[in-house]
Amino acid sequence: MQDTSLNSTPVKYNKPIIYFLLLWALLNAVQAFTLEIHADEAYYWVYSRFLDWGYYDHPPMVALFIKTGYSLLHNEFGARLFTVIGTTASIYLMWVMLKRYKVDAINFIMVISGIFVFHIYGFTTTPDAPLLFFTVLFFYFYQQYIEKDSFKLAVILGIVIACLLYSKYHGILLVVFTLASNIKLLKRGSFYAIVLLALALYAPHIIWQANHGFPSLSYHLSERSNEQYNFEYTYVYPLGQLLMAGPLIGWLLFYKGFTAKVQDTFTRTLLVNAIGILAFFFLTSFKGEVQLHWTLIAYVPLAMMVLIRFTHPGAKPKWFNRLAIINIVMIVVLRVAIIIAFPPLLKVDAIRSFFGFKEWAQLIQKKAGKNYVIFNEGFQNPSKYNFYNNTTHGFDYDARYYRRTQYDIWPIEDSIQHKKAYVVINGVWDPAITTDTLKTYAGDWYGGWVDDIRTYQKIDFQVASYKESVSPGQKKDFDLTFTNPYPFPISFSNVNQKHKVFLEACFFKSIYQVGMQKSDDSFNNISLKTGETGHFKFNVTMPAKPGKYELIFSIRTEPFPGGRNNKIINITVE
């Protein structure tokens, strides 16, 4: 009889896995090489041009992934190289962990290749790419740590956990649910060594957050979840997870995975993580929209539990292979159709964004030359412009109805002051400014020149409270405190200035502005040296109609629509 234990699995038994991994890597490499950069990937590429311990939206691991790959190959494939390598390595490590449970190789291939979310992050480089890799690495070393309490494994786990948290904040869920599944870890002295090492390695990111006013916490825990609840967020969530798990086999994976029996400490860890992470984001859906891919790390333990369950007699339905093959074919056909730009698919915004922007970026660069280019509404377009022109001269003007981004922290805005810049928008702004029409495969865009740029996006007004209950039409004073963050003096004076500046209080319901008031002219008397703190008392009239509103103070400089210069203030008129 052949020994199929962990350390002596026959080479023949591994051959299907080796062939599968080669095909998996090849498909991802082809897609990584042929598709244009996605907007989010381009944004993280700009991260890599300003390496730091943290960023407004995410920790820095994604920047390191891109920086390393792009240093080898200066194109889309270079930006995605370590994602292709990482996801392939992740699948292999999952197989290594499962071999001790005598999981069948064909079953492994059918399940893993049928999980749709693994295909999405098989080639795109976002924070989820390193998150997936370090999630699998965590389980790989944790499986060994359960069996052997050693200092070496404790050090490795401390490093891996730090990398997990440097990848995406969701990684903390993995740590919490793992501890919940094995509370006996608290009795191990080496467990505390893991915690201390992980915290020590993660400290630079915490310090970065503190030095920048904890922007990520404010965004993810407050502003991002501040939107009005819509029941659609909750009922779409389970449907979306069925798609992420596999369009045809997802329901079976959930059923088999969640009803699997715990065999040992490791399988209990897998089950608690799979259920816990999916349940956590379901509950989160009652606060706001949950993006479907946020649950990515739950599919690692879920897939492993299903495969372990399939080793039991009668656990795998006889028809599963046929259904799984159809499921895989559907996904692969979709991926190939995207590669060849199948016309009907280009009507889908998420897919169309992979096409036409290289030509678009080069056309704008011909108009702008070496000058800075200002884009409206979002980090996506300036990031694509920067990527395809290998520059950081593209700048995101975050309007008051949008949100803040890393462009409000980078020094790009510092360099653009009082210079001539080319403005590009995807809608009609001011015909006197946007005199050029740029017709591209990515749509029609409008551009024009603005002299003597004057913006104040980095100004951050602080107030005493970010929640206020007021009466209809009540007048309320807001004492705005702010510091000059620029490496040069600033002035809000309009004397001898080509473009005037105004301070405005703007009320929003959802994304729609429903009211605006200008401050008095005394605001224009303020001048601040670098690092100097100023105050301005703004008497604001509250809305006349009862309801919930969001208040944003906005510094507007002609000809721009006005930025967002404070964290959202929640106003309840009753």
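This is a predicted model, so every value here is computed, not measured. (Residues numbered from 1 in each chain as written. Predicted model: local features only at pLDDT ≥ 70, side-chain atom pairs only at ≥ 80, totals over all residues. Heavy atoms only, no water.)

Would you take a moment to explain the sheet that holds strand E5 (residues 443-450) for this structure?
Within a sheet, neighbouring strands are paired by backbone hydrogen bonds and run either parallel or antiparallel to one another. Judged by pairing direction, the sheet is mixed, and its five strands sit side by side in the order E2-E1-E3-E5-E4 without closing on themselves. The outermost strands of the open sheet, each flanked by one partner alone, are strand E2 (394-397) and strand E4 (436-440). Looking at each pair of strands side by side, their axes are set apart by 30° on average, direction ignored. In terms of strand pairing, strand E1 (residues 372-376) meets E2 through four bridges, oriented parallel. Considered in E2, the bridge of isoleucine 374 is made with phenylalanine 395. Where helix H18 (residues 357-368) meets the sheet, it contacts E1, strand E3 (421-425), E4 and E5, and its direction lies at approximately 155° from that of E4. Here helix H19 (residues 380-389) sits on the sheet and contacts E1, E2 and E5; the angle it forms with E2, its principal contact strand, is near 180°. (Pairing = 2+ DSSP bridges. Helix = DSSP H or I, 4+ residues; strand = E, 2+ residues; numbered from the N terminus. Axes fitted to C-alpha atoms, helices over the stretch in contact; angles between N-to-C directions. Contact = heavy atoms within 4.5 Å.)

Please explain the packing of aromatic side chains as it appears in this structure.
The way to describe two aromatic rings as a pair is by their centre distance and the angle between their planes. Taken as a whole and assessed by the stated rule, the structure comprises 53 aromatic pairs. Where phenylalanine 20 meets tryptophan 24, the ring centres are 6.0 Å apart and the plane angle is 50°; that geometry is what we call tilted. In this pair, phenylalanine 20 and tryptophan 24 are both assigned in helix H1 (residues 11-34), four residues apart and thus about one turn of the helix distant. The same class applies to phenylalanine 20 as to tryptophan 24, namely buried. Aromatic side chains phenylalanine 254 and phenylalanine 258 sit 5.7 Å apart centroid to centroid with 45° between the ring planes, which places their arrangement in the tilted category. (Phe/Tyr/Trp six-rings, centres within 6.5 Å; stacked < 30°, edge-to-face > 60°. Buried < 20%, exposed > 50% of the residue type's maximum accessible area, 1.4 Å probe, protein only.)

When you look at the side chain of arginine 80 in this model, what are you seeing that I'm missing?
Mapping arginine 80 onto the fold places it in helix H4 (residues 76-99). Arginine 80 sits in the buried class, given a relative accessible area of 0%. For arginine 80, the side chain forms a polar contact with the main-chain oxygen of leucine 35, separated by 2.8 Å. Discounting residues that sit within four places of it in the chain, arginine 80 has contacts with Gln31, Ala32, Leu35, Glu36, Ile37, His38, Glu41, Phe123, Thr125 and Phe354. (Polar contact = N/O pair within 3.5 Å; in protein donor to acceptor, adjacent residues only side chain to side chain.)

Is there a simple way to explain the pairing of E4 in this structure?
For a regular strand, side chains alternate in direction, first toward one face of the sheet and then toward the other. Residues of E4 alternate between two faces, with Asp436, Leu438 and Thr440 buried on one and Thr437 and Lys439 left unburied on the opposite face. Across five bridges, the pairing between E4 and E5 is antiparallel. What sits directly across from threonine 437, in E5, is tyrosine 446. Once E4 ends, the chain turns through two residues before running back antiparallel as E5.

How do you make sense of the environment of leucine 73 when you look at a structure like this?
Secondary-structure assignment places leucine 73 in the loop between helix H3 (61-72) and H4. Here leucine 73 falls in the partly exposed class, since its relative accessible area comes to 34%. Measuring from C-alpha to C-alpha, the distance between leucine 73 and phenylalanine 116 comes to 28 Å, with 43 residues separating the pair along the chain.

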